[in-house]
Amino acid sequence: MKIIVCLDKSNGMLFNGRRQSQDSVLRSKIMEFTSGATLRMNEYSGLQFSEYPNIAISDSFLSDALEGDFCFIENVDLPDISSIEELYIFRWNRDYPGDQFFELDIASHGFKRSKKEKFAGSSHKKITLEIYKKV
C-alpha cells in the first residue's frame, strides 16, 4: 500500500480539530498520481473527494488496502507499517497548533526519499511533495 498524508513543518496532521489538506490543487495532484489505482480513505476524508471516481470509503480502509492501493490518512494513526511500499508526504511551509501528529520515524523504518517537488496550492503558496520508498 502507498500512504498519502499532509503535514505541517512539525509533522502535525490536524490542528484545532481541522484537516490540513483541504486544498483543491493538492487534491488534483493526488488524483493525477492515483489515476488507475484505488484511493482508500475513511468517511472523514471522503467528504472532500466525493466528486472523484476511484475512491473507496471505509472505516477499515487501511486493513482493506491491497498492494498498489493508495490510502489517504488525516485523522488516523498507522497501526502496521510493514505493508507500506511508499509514503507521499505533502508538507505545508508553516506550523499549526497540532492536535494529532504523524509519529512514524521514516528513516529508521527503511524509507528513502526518491522525489521532492514544490508547487503552489490554492490555500498555500508553497506545498512540498516528498515521496519515500521502502529500500
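Structure first, text after, so check above.
Once a new chain begins, its residue numbering starts again from 1 and follows that chain's sequence as written. Two thresholds apply to this predicted model, a pLDDT of at least 70 for residue-level local features and 80 or more for giving and counting side-chain atom pairs, whereas whole-chain, interface and lining totals are computed over all residues. Side-chain descriptors were evaluated using all non-hydrogen atoms of the structure, hydrogens and water having been removed beforehand.

## Here's the deal with the overall build of the protein
Each helix is a run of DSSP H or I of at least 4 residues and each strand a run of E of at least 2, with the numbering of both proceeding from the N terminus. When helices and strands are tallied, the protein shows three helices and 10 strands. Counting from the amino terminus, the protein carries its helices and strands in the arrangement β-β-β-α-β-α-β-α-β-β-β-β-β. Radius of gyration here is computed from C-alpha atoms only, and the compact-globule reference equals 2.2 Å multiplied by the residue count raised to the power 0.38. Over its C-alpha trace the protein gives a radius of gyration of 14 Å, about what one expects of a compact globule, namely 14 Å for 135 residues. In terms of overall dimensions, the protein has a C-alpha envelope of 35 × 35 × 25 Å along the principal axes. When burial is assessed residue by residue, the protein has 48% of its 135 residues classed as buried. In the protein, 67% of the contacts between residues at least 6 apart in sequence involve partners at least 24 apart. The protein chains shown are the only cover counted for residues, whose accessible areas, like all others here, come from Shrake-Rupley with a 1.4 Å probe. For the protein, the computed accessible surface area is about 6800 Å², with 46% contributed by carbon and sulfur atoms. This count recognises Lys and Arg as positive and Asp and Glu as negative, with His and chain-terminal groups excluded. Note on charges: their place is set at NZ of Lys, CZ of Arg, CG of Asp or CD of Glu. Charge separation in the protein, taken as the distance between the mean sites of 18 positive and 20 negative side-chain charges, equals 10 Å. Burial here depends on accessible area, computed with a 1.4 Å probe over protein chains only, as a share of the maximum for the residue type. Under 20% is buried, over 50% is exposed, and the range in between is partly exposed. We call two residues in contact whenever any of their non-hydrogen atoms come within 4.5 Å of each other.

## Describing the sheet that holds strand 9 (residues 111-119)
The seven strands are arranged 5-4-6-1-7-10-9 in an open sheet whose pairing can be described as mixed. If you trace the sheet from one side to the other, it starts and ends with strand 5 (55-57) and strand 9, each paired once. Geometrically, the sheet is characterised by an average inter-axis angle of 20° between neighbouring strands, direction not taken into account. In this description, strands pair whenever DSSP reports at least two bridges between them. When strand 9 meets strand 10 (residues 127-134), the two strands line up antiparallel, connected through eight bridges. Orientation is described by axes fitted as lines to C-alpha atoms, over the contacting stretch for helices, and by angles from 0 to 180 degrees between their N-to-C directions.

## Some remarks on the sheet that holds strand 3 (residues 18-19)
The strand order 3-2-8 describes an open sheet built from three strands, whose pairing is antiparallel. Since the sheet does not close on itself, it has two edges, and those belong to strand 3 and strand 8 (98-101), each with one partner.

## Structural notes on the environment of Ile106
Considering the arrangement of structural elements, one finds Ile106 in the loop between strand 8 and strand 9. Here Ile106 falls in the buried class, since its relative accessible area comes to 12%. Distance in space between the C-alpha atoms of Ile106 and Lys133 is 9.8 Å, their sequence separation being 27 residues. Apart from the residues within four sequence positions on either side, Ile106 is in contact with Leu87, Ile89, Phe111 and Tyr132.

## As for the pattern of salt bridges
Basic side-chain nitrogens of Lys or Arg form a salt bridge, by our definition, when they fall within 4 Å of a carboxyl oxygen of Asp or Glu. Throughout the structure, instances matching the rule amount to eight salt bridges. When the shortest N-O distance is used, the salt bridge between Glu130 and Arg91 registers 3.0 Å. Separated by 39 residues along the polypeptide, Glu130 in strand 10 and Arg91 in strand 7 (residues 86-92) bring together distant segments of the chain. Residue Arg91 is classed as buried on the basis of its relative accessible area of 19%. The salt bridge partner of Glu130 is Arg113, with a shortest N-O separation of 3.9 Å. One end of the pair, Glu130, is in strand 10; the other, Arg113, is in strand 9, and 17 residues separate them in sequence. Using a relative accessible area of 43% as the deciding quantity, one classes Arg113 as partly exposed.

## Observations regarding the packing of aromatic side chains
Only Phe, Tyr and Trp rings are paired, with Trp represented by its six-membered ring, and only when their centres lie within 6.5 Å; those with planes under 30 degrees apart are stacked, over 60 edge-to-face, the remainder tilted. Under the criterion given, the structure shown has eight aromatic pairs. Ring plane angle 15° and centroid distance 4.2 Å describe the contact between Phe15 and Tyr96, whose orientation is recorded as stacked. Placement of the pair is Phe15 in strand 2 (residues 12-15) and Tyr96 in the loop between strand 7 and strand 8, with a sequence separation of 81 residues. Take Phe15: its relative accessible area is 10%, and that puts it in the buried class. Residues Phe90 and Phe119 carry aromatic rings whose centres are separated by 6.1 Å and whose planes lie at 85° to one another, so their mutual orientation is edge-to-face. Here Phe90 is found in strand 7, whereas its partner Phe119 is found in strand 9, with 29 residues between them in sequence.

Everything listed here is a matter of geometry and, on its own, says nothing about what the molecule does.
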